[in-house]
Amino acid sequence: MKRVRVLVVDDEENIRLLFKEELEEEDYEVETASNGMEALEKIKGLPFDVVVLDIKMPVMDGIQTLNAIKNINKDQPVILCSAYGEFKQDLSSWVSDGYVVKSADTRELKETIKEILSR
Ligand SMILES: [Mg+2]
């Protein structure tokens, strides 16, 4: 059976490592990118089932990256992930498929990924 591919995009290395490790425990195939540009390059290469995208990143923030991803493939599922709860209400985040508050406890992230995969 084909493994589910997840791309984790975050400028913080500790978050990339944590999410990669946690999501690999769910038997997902996980790749990481440290910024939006790198993420777009990876997405143009092989497809991902879900992209987990940090909002606060230098160079190209998560909202810009989200819009660029959706321009490439509007059906690409993207989960926005940020420590900043106010983004939940931000209208510019409406095109994302899910939203999770960044936490060392990855249960919400895992549940959101499962929910998206079941759609
Ligand atoms: Mg960040």
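Relevant structure appears above.
What you are looking at is a predicted structure, and each value in this text was computed from that prediction instead of being measured.

1. Let's talk about the sheet that holds strand β2 (residues 29-33)
Then step 1. Read across the open sheet, the five strands follow the order β2-β1-β3-β4-β5; overall the sheet is parallel. Of all strands in the sheet, those with a lone pairing partner are β2 and β5 (98-101), marking the two edges. For this sheet, the mean angle separating the axes of adjacent strands, direction not counted, is 20 degrees.
Then step 2. Inspection of the sheet shows strand β1 (residues 5-9) paired to strand β3 (residues 50-54) by four bridges, in the parallel sense. Looking at β3, one finds that Val 9 is bridged to Leu 53.

2. Details of unusual backbone geometry
Most peptide bonds take the trans configuration, and most residues that are not glycine carry a negative phi.
Then step 1. Positive phi is not limited to glycine here, since Asp 27 has a value of about 70 degrees.
Then step 2. Within the fold, Asp 27 resides in the loop between α1 (13-25) and β2.
Then step 3. Positive phi is not limited to glycine here, since Val 59 has a value of about 75 degrees.

3. With respect to the pairing of strand β4 (residues 78-82)
Then step 1. The buried fraction of β4 is high, at five of five residues.
Then step 2. Alternating residues of β4 divide into Val 78, Leu 80 and Ser 82 and Ile 79 and Cys 81, and every residue in both groups is buried.
Then step 3. Crossover connection from β3 via helix α3 (residues 62-72) to parallel β4: handedness right-handed.
Then step 4. Direction of pairing for β4 relative to β5: parallel, over a ladder of four bridges. Directly across from Leu 80, in β5, lies its bridge partner Tyr 99.

4. Observations concerning the environment of Asn 14
Then step 1. Examined against the element boundaries, Asn 14 turns out to sit in helix α1.
Then step 2. Once the C-alpha coordinates of Asn 14 and Ala 104 are considered, the two residues, 90 residues apart in sequence, prove to be 10.0 Å apart.

5. Topic: the nonpolar core
Then step 1. Judged by nonpolar contacts, the single largest core of 26 residues is most densely connected at Val 6, Leu 7, Val 9, Val 51, Val 52, Leu 53 and Ile 79.
Then step 2. Listed by contribution, the elements that provide at least two residues to this core are β1, α1, β2, α2 (36-45), β3, α3, β4 and α4 (107-117).
Then step 3. If sequence neighbours within four positions are ignored, Leu 53 has contacts with Val 9, Gly 62, Thr 65, Leu 66, Val 78, Ile 79, Leu 80 and Cys 81.

6. Observations concerning the environment of Ile 43
Then step 1. Within the element layout of this structure, Ile 43 appears in helix α2.
Then step 2. The exposure class of Ile 43 is buried, given the 21 C-beta atoms found within 10 Å.
Then step 3. The spacing of Ile 43 and Gln 76 is 33 residues in sequence and 9.3 Å in space, taken between C-alpha atoms.
Then step 4. If we skip the residues at most four places from it in the chain, Ile 43 touches Leu 7, Phe 48, Ile 69, Ile 72 and Gln 76.

Thresholds, definitions, all that
- Here the residue numbers are simple positions, counted from 1 along each chain's written sequence.
- Local features are withheld for residues below a pLDDT of 70 in this predicted model, meaning they are given only at 70 or higher, and side-chain atom pairs are given and counted only at 80 or more; totals for whole chains, interfaces and linings count all residues.
- We treat two strands as partners when DSSP finds at least two bridges between them.
- Going along the chain from the N terminus, every DSSP run of H or I of four or more residues is numbered as a helix, and every run of E of two or more is numbered as a strand.
- Every axis corresponds to a line fitted to the C-alpha atoms, with the helix fit spanning only the stretch in contact, and the corresponding angles, defined between N-to-C directions, vary from 0 to 180 degrees.
- Counting other C-beta atoms within 10 Å of its own, a residue is labelled buried from 20 upward, exposed at 12 or fewer, and partly exposed in the gap between, with every C-beta atom placed from the backbone.
- A clockwise path from the first strand over the helix to the second, with the strands pointing away from the viewer, defines a right-handed crossover.
- The term nonpolar core refers to a group of buried residues, namely Ala, Val, Leu, Ile, Met, Phe, Trp, Tyr and Cys, whose C-beta atoms join them within 7 Å.
- A pair of residues counts as a contact when their C-beta atoms, built from backbone coordinates, are separated by no more than 7 Å.

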